[in-house]
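Spelled out, the chains give:
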Amino acid sequence: MLWLSLARARCLHRAFGRSLGAVRQGSCPQGKCSLSGISQCQGPVYANSRKHLVNGSRVVTVRYFRTTAACREDVVTVNTPAFAESVTEGDVRWEKAVGDTVAEDEVVCEIETDKTSVQVPAPAAGVIEALLVPDGGKVEGGTPLFKLRKSGAAPAKAKPAAAAPSAPEPATPAAPAAAPPPAAPIPTTMPPVPPVSTQPISAKPVSAVKPSAAPPGAPAVEPGAGKGARSEQRVKMNRMRQRIAQRLKEAQDTCAMLTTFNEIDMSNIQEMRARHKETFLKKHSLKLGFMSAFVKAAAFALQDQPTVNAVIDDTTKEIVYREYVDISVAVATPRGLVVPVIRNVETMNFADIERSISELGEKARKNELAIEDMDGGTFTISNGGVFGSLFGTPIINPPQSAILGMHGIFDRPVAIGGKVEVRPMMYVALTYDHRLIDGREAVTFLRKIKAVVEDPRVLLLDL
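Residues numbered from 1 in each chain as written. Predicted model: local features only at pLDDT ≥ 70, side-chain atom pairs only at ≥ 80, totals over all residues. Heavy atoms only, no water.

### Side note on the overall build of the chain
- Across its full length, the chain carries seven helices and 21 strands.
- Across the chain, the fraction of contacts at a sequence separation of at least 24, relative to all contacts at a separation of at least 6, is 62%.
- Counting only carbon and sulfur atoms, one obtains 56% of the accessible surface of the chain, whose full area is about 30,600 Å². (Helix = DSSP H or I, 4+ residues; strand = E, 2+ residues; numbered from the N terminus. Contact = heavy atoms within 4.5 Å. Areas by Shrake-Rupley, 256 points an atom, 1.4 Å probe, with all protein chains shown as cover.)

Shown next as structure tokens:
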């Protein structure tokens, strides 16, 4: 039986083919002898062998074998993943460099798009061979990004030569431990007091004392260096921040934005939360917050005022009324402002809303939001109160027609039944597109939210 190394299998296969052709034509001078890989008929016959007649007299048996694909290319090229329909390109930000070792599914680079960042992991463990796109370069779906050599094919790194073993030293008897030094004697008398000089001490005013000159080798100190550096640096805006700036400016240029305000007494909702938060946590494994109340109140008000849930199609000059409620919740991340969408809020209860907010918030903190998580949305809620905001006017998130701004809860004196009481109050603001929404509809919408949050029983009674 013939044993061959896999690396030489293909070359030997071609050599066998040429040798066999020579034997068939009778031009091989060694045709009467056994060839490499060819046995005479009296030899052992294998299952995968064939008999060939040479010059009409001699029969030789040739055993055929197949090569394997073990030596195929082990350097793979990783391409840019496909983007969503609304995204055409992105900017590459490398996390690894050429020569870095990566594990399977370890992030090699991130592609920053207009809406989110797409992570590109390594398909297998290996070493980065080449980066095909510079840092900050633009790529489209399917563009080659980098080359990865898998671990099995990675060239072995030269190990440092081991240090030559030192010659063994002859064993010597351990020297006896040195005796500790004798302790110093404890003094029994006080030391003598030094004599005081009887000559008067010459005093100099502070202004007469001149600073000593710096040594000639000391570096000169620039004036103002210790007062704080006045430096500046320029950092390129990432694609998400550029898109945010562009969309907000488009909203100002397109929409006729107007803001109306109101205030909400949070006493009842705080009492409801304090009374039921433990039971809510045990049953749903979720914390009961204020955001779910405002999201549900907004869905209720949007169904009552469908114009606030509509949008103007500037291309066809039509008003599009949506019969579903998808609420975008603005979330601040280190990379910028993102607005994941809670879909079909009109069919959800408080627990469903809290669960969706928790899942989307966790994705946003881990930078795992997909394009699909932020597409769409018919209305937006922005909660600046988590940062201590007292008052503000939010900007519409196009192509929507309105946005609700929540603010901080602060104790303020209010008139209740002819008396002054201190209540936890929150200012709310509704910015709307005055091209579509009239003031009556905007004010009615905001008052509906105020009524639901101050008394959640309005939802149960459908008032």
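### Let's talk about the environment of Lys 249
- By the secondary structure assignment, Lys 249 is in helix H2 (residues 239-254).
- We classify Lys 249 as partly exposed; its relative accessible area is 45%.
- Once the C-alpha coordinates of Lys 249 and Ile 395 are considered, the two residues, 146 residues apart in sequence, prove to be 9.5 Å apart. (Buried < 20%, exposed > 50% of the residue type's maximum accessible area, 1.4 Å probe, protein only.)

### Remarks on the packing of aromatic side chains
- By the definition in use, this model includes four aromatic pairs.
- Between the aromatic rings of Trp 94 and Phe 146, the centroid separation amounts to 6.1 Å while the plane-to-plane angle is 80°, which identifies the pairing as edge-to-face. Of this pair, Trp 94 sits in strand S5 (residues 89-94) while Phe 146 is found in strand S11 (residues 144-150), placing the two residues 52 residues apart along the sequence. Considered together, Trp 94 and Phe 146 belong to a single accessibility category, that of buried residues.
- Ring geometry for Phe 391 versus Tyr 427: centroids 5.2 Å apart, planes at 90°, classification edge-to-face. Here Phe 391 is found in the loop between strand S19 (379-383) and strand S20 (402-416), whereas its partner Tyr 427 is found in strand S21 (residues 419-433), with 36 residues between them in sequence.
- Across from the ring centre of Tyr 427, 4.0 Å away, lies the NZ or CZ of Arg 412, which sits over that ring. (Phe/Tyr/Trp six-rings, centres within 6.5 Å; stacked < 30°, edge-to-face > 60°. Lys NZ or Arg CZ within 6 Å of the ring centre and 35° of its normal.)

### Considerations on the packing of helix H4 (residues 291-304) against helix H5 (residues 350-365)
- At a minimum axis separation of 9 Å, H4 and H5 run at an interaxial angle of 115°. Relative to H5, the element H4 lies roughly perpendicular. Handedness of the crossing formed by H4 with H5: right-handed. Between H4, through Met 291, Ser 292, Ala 293, Val 295 and Lys 296, and H5, the contact on the second element is made entirely by Phe 350, Ile 353, Glu 354 and Ile 357.
- A per-class count over the contact of H4 with H5 returns six nonpolar, one polar and two charged. (Axes fitted to C-alpha atoms, helices over the stretch in contact; angles between N-to-C directions. Parallel < 35°, antiparallel > 145°, perpendicular 65-115°, else oblique. Left-handed = near helix turned anticlockwise from the far one by under 90°. Nonpolar A, V, L, I, M, F, W, Y, C, P; charged D, E, K, R; others polar.)

### Some points on the environment of Met 426
- Within the secondary structure layout, Met 426 lies in strand S21.
- Other than its neighbours up to four places away in sequence, Met 426 contacts Asn 262, Glu 263, Ile 264, Met 266, Phe 294, Met 406, His 407, Gly 408 and Ile 409.

### Focus on the sheet that holds S20
- Sheet architecture is open: six strands sit in the order S12-S21-S20-S19-S15-S18, paired in mixed fashion. Every interior strand has two partners, whereas the edge strands, strand S12 (257-265) and strand S18 (341-342), have only one.
- As judged from the three bridges shared by strand S15 (residues 327-329) and S19, these two strands associate in the parallel manner. Bridge pairing in S19 places Ile 327 opposite Phe 379.
- Packing of H4 onto the sheet brings it into contact with S12, S15, S19, S20 and S21, and relative to S19 it is tilted by some 150°. (Pairing = 2+ DSSP bridges.)

### Quick look at the nonpolar core
- Core analysis: the largest hydrophobic core is formed by 47 residues, its most contacted members being Phe 294, Phe 379, Ile 381 and Ile 449.
- Of all the secondary-structure elements, those providing two or more residues to this core are H2, H4, S15, H5, S19, S20, S21 and helix H6 (439-454).
- No other element matches H4, which puts ten residues into this core.
- Contacts of Ile 381, omitting those with residues within four sequence positions, involve Met 291, Phe 294, Val 295, Ala 298, Ile 327, Ser 328, Val 329, Ala 330, Leu 404 and Met 406. (Core = buried A, V, L, I, M, F, W, Y, C linked by side-chain atoms within 4.5 Å.)

### Topic: the side chain of Asn 309
- Secondary-structure assignment places Asn 309 in the loop between H4 and strand S13 (311-313).
- A distance of 2.9 Å separates a polar atom in the side chain of Asn 309 from the backbone oxygen of Tyr 324.
- Beyond its immediate chain neighbours, meaning those up to four positions away, Asn 309 contacts Leu 302, Arg 322, Tyr 324, Val 325 and Thr 378. (Polar contact = N/O pair within 3.5 Å; in protein donor to acceptor, adjacent residues only side chain to side chain.)

### Here's the deal with the pattern of salt bridges
- This model, assessed by the stated rule, comprises 17 salt bridges.
- The salt bridge involving Arg 93 is made with Glu 112; its shortest N-O contact spans 3.7 Å. Here the residue Arg 93 occupies a position in strand S5, and Glu 112 occupies one in strand S7 (residues 107-112), the gap between them amounting to 19 residues.
- Since its relative accessible area comes to 28%, Arg 93 is described here as partly exposed.
- With a closest N to O distance of 3.5 Å, Asp 373 and Lys 363 form a salt bridge. (Salt bridge = Lys/Arg side-chain N within 4 Å of Asp/Glu carboxyl O.)

### With respect to H5
- End to end, H5 covers 22 Å across 16 residues, agreeing with the expected 22 Å (1.5 Å per residue, within 8%).
- Buried residues of H5: Ala 351, Ile 353, Glu 354, Ser 356, Leu 360, Gly 361 and Ala 364, and no others.
- The residue sitting at the N-terminus of H5 and contributing the capping side-chain oxygen is Asn 349; that oxygen lies 3.2 Å from the backbone nitrogen of Ala 351.
- Note on H5: the residue one or two positions beyond its end, Asn 367, has a positive phi of about 60°. (Expected span 1.5 Å × (residues − 1).)

### Things to note about the pairing of S21
- Bridge count between S12 and S21: nine bridges; the pairing is antiparallel. By the bridge assignment for S21, Thr 259 is matched with Thr 431.
- By the bridge criterion, 13 bridges tie S20 to S21 in an arrangement that is antiparallel. Within the sheet, the bridge partner assigned to Pro 413 lies in S21 and is Val 422.
- Here S20 hands over to S21 after two residues, with Gly 417 in that stretch at a positive phi of 60°.

### Comments concerning the sheet that holds strand S4 (residues 75-79)
- Strand order in this open sheet of four strands is S4-S11-S9-S6, and the pairing throughout is antiparallel. Taken across any chain shown, the strands that pair with only one partner, and hence form the sheet edges, are S4 and strand S6 (101-102).
- Pairing of S6 with strand S9 (residues 126-131), which is carried by two bridges, proceeds in the antiparallel orientation. Bridge assignment links Thr 101 to a residue of S9, and that residue is Val 127.

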